[in-house]
Amino acid sequence: QVQLVESGGGLAQAGGSLRLSCAASGRTFSTYAMGWFRQAPGKEREFVAALSWSGGLLYADSVKGRFTIFGDNRKMPVYLQMNSLKPEDTAVYYCAAKNTAGSLYGHYDYWGQGTQVTVSS
């Protein structure tokens, strides 16, 4: 049983920045990868970014060049730095942990409760 907790959400203006954190109880986290997802009202949850501890990085096209996922090797917290925010980035953001090797787009095993990000125009 793993519990992930997101923090750092809030209100930002278009063009502004926020940094989200994903924490767990331990100072190390035995996972294959960490991911960030988001869900806007009335829409399906979508992939945002992922980091595999073997060195892989993956971003959704919509956030490339603006968002950065980073963390210390197998340590928590993992961060999502969000720059040049747009109103369409408004969503609940979730962190997730993946225990086994595979596609970074899905099959995550543990999820946080989510943190609201609201970007005003």
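The following paragraphs examine the structure supplied in this document.

### Here's the deal with the overall build of the chain
Now for step 1: Secondary structure assignment for the chain yields 0 helices and 11 strands.
Now for step 2: In the chain, the succession of α and β elements from N to C terminus is β-β-β-β-β-β-β-β-β-β-β.
Now for step 3: Each principal axis of the C-alpha atoms in the chain carries an extent, and together these give about 40 × 25 × 25 Å.
Now for step 4: Looking at the 121 residues of the chain, the share that counts as buried comes to 43%.
Now for step 5: Here the analysis covers contacts within the chain between residues at least 6 apart in sequence; of these, 58% occur between residues at least 24 apart.
Now for step 6: Split by element, the accessible area of the chain, about 6300 Å² in all, is 47% carbon and sulfur.

### Digging into the state of the cysteines
Now for step 1: In the structure shown here, the tally under the stated rule is 1 disulfide.
Now for step 2: Paired through a disulfide, Cys22 and Cys95 show a sulfur-sulfur distance of 2.1 Å. Residues Cys22 and Cys95 are joined through a disulfide that is right-handed, its torsion about the S-S bond being 60 degrees. With a gap of 73 residues between them, Cys22 in strand E3 (residues 18-23) and Cys95 in strand E9 (residues 91-98) connect regions that are remote in the sequence. Cys95 carries the same exposure label as Cys22, and that label is buried.

### Thoughts on the side chain of Arg38
Now for step 1: Position of Arg38 relative to the elements: it lies in strand E4 (residues 33-39).
Now for step 2: A polar contact is formed between the side chain of Arg38 and the side chain of Asp89, at a distance of 2.9 Å.
Now for step 3: Side chain to side chain, Arg38 and Tyr93 meet in a polar contact 2.9 Å long.

### Regarding the pattern of salt bridges
Now for step 1: Counted under the stated rule, the structure contains 5 salt bridges.
Now for step 2: Glu46 is the partner of Arg38 in a salt bridge, and the nearest nitrogen-oxygen pair spans 2.6 Å.
Now for step 3: In this structure, Lys75 engages Asp72 in a salt bridge whose closest nitrogen and oxygen atoms are separated by 3.7 Å.
Now for step 4: Classification of Lys75 as partly exposed rests on a relative accessible area of 37%.
Now for step 5: Judged by relative accessible area, which is 48%, Asp72 ranks as partly exposed.

### Things to note about the nonpolar core
Now for step 1: Of all hydrophobic cores here, the largest spans 36 residues; its most connected members are Trp36, Leu80, Met82 and Tyr93.
Now for step 2: Apart from the residues lying within four places of it in its own chain, the contact partners of Leu80 are Leu18, Arg19, Leu20, Trp36, Val48, Ala49, Phe67, Thr68, Ile69 and Tyr93.

### Details of unusual backbone geometry
Now for step 1: Look at the link from Met76 to Pro77: it is a cis peptide, with omega at 5 degrees.
Now for step 2: When you line up the elements, Pro77 lands in the loop between strand E7 (67-71) and strand E8 (78-82).
Now for step 3: One non-glycine residue, Ser84, lies in the positive phi region at around 50 degrees.
Now for step 4: Its place among the elements puts Ser84 in the loop between E8 and E9.
Now for step 5: Owing to a relative accessible area of 40%, Ser84 belongs among the partly exposed residues under this scheme.
Now for step 6: Even without glycine at this site, His107 takes up a positive phi of about 60 degrees.
Now for step 7: Checked against the element boundaries, His107 lands in the loop between E9 and strand E10 (110-111).
Now for step 8: A residue is classified by how much of its surface remains accessible, and His107, at 59% relative accessible area, is exposed.

Definitions and limits used
Residues numbered from 1 in each chain as written. Predicted model: local features only at pLDDT ≥ 70, side-chain atom pairs only at ≥ 80, totals over all residues. Heavy atoms only, no water. Helix = DSSP H or I, 4+ residues; strand = E, 2+ residues; numbered from the N terminus. Buried < 20%, exposed > 50% of the residue type's maximum accessible area, 1.4 Å probe, protein only. Contact = heavy atoms within 4.5 Å. Areas by Shrake-Rupley, 256 points an atom, 1.4 Å probe, with all protein chains shown as cover. Disulfide = S-S within 2.5 Å. Polar contact = N/O pair within 3.5 Å; in protein donor to acceptor, adjacent residues only side chain to side chain. Salt bridge = Lys/Arg side-chain N within 4 Å of Asp/Glu carboxyl O. Core = buried A, V, L, I, M, F, W, Y, C linked by side-chain atoms within 4.5 Å.

On their own, these measurements won't tell you what the molecule is for.
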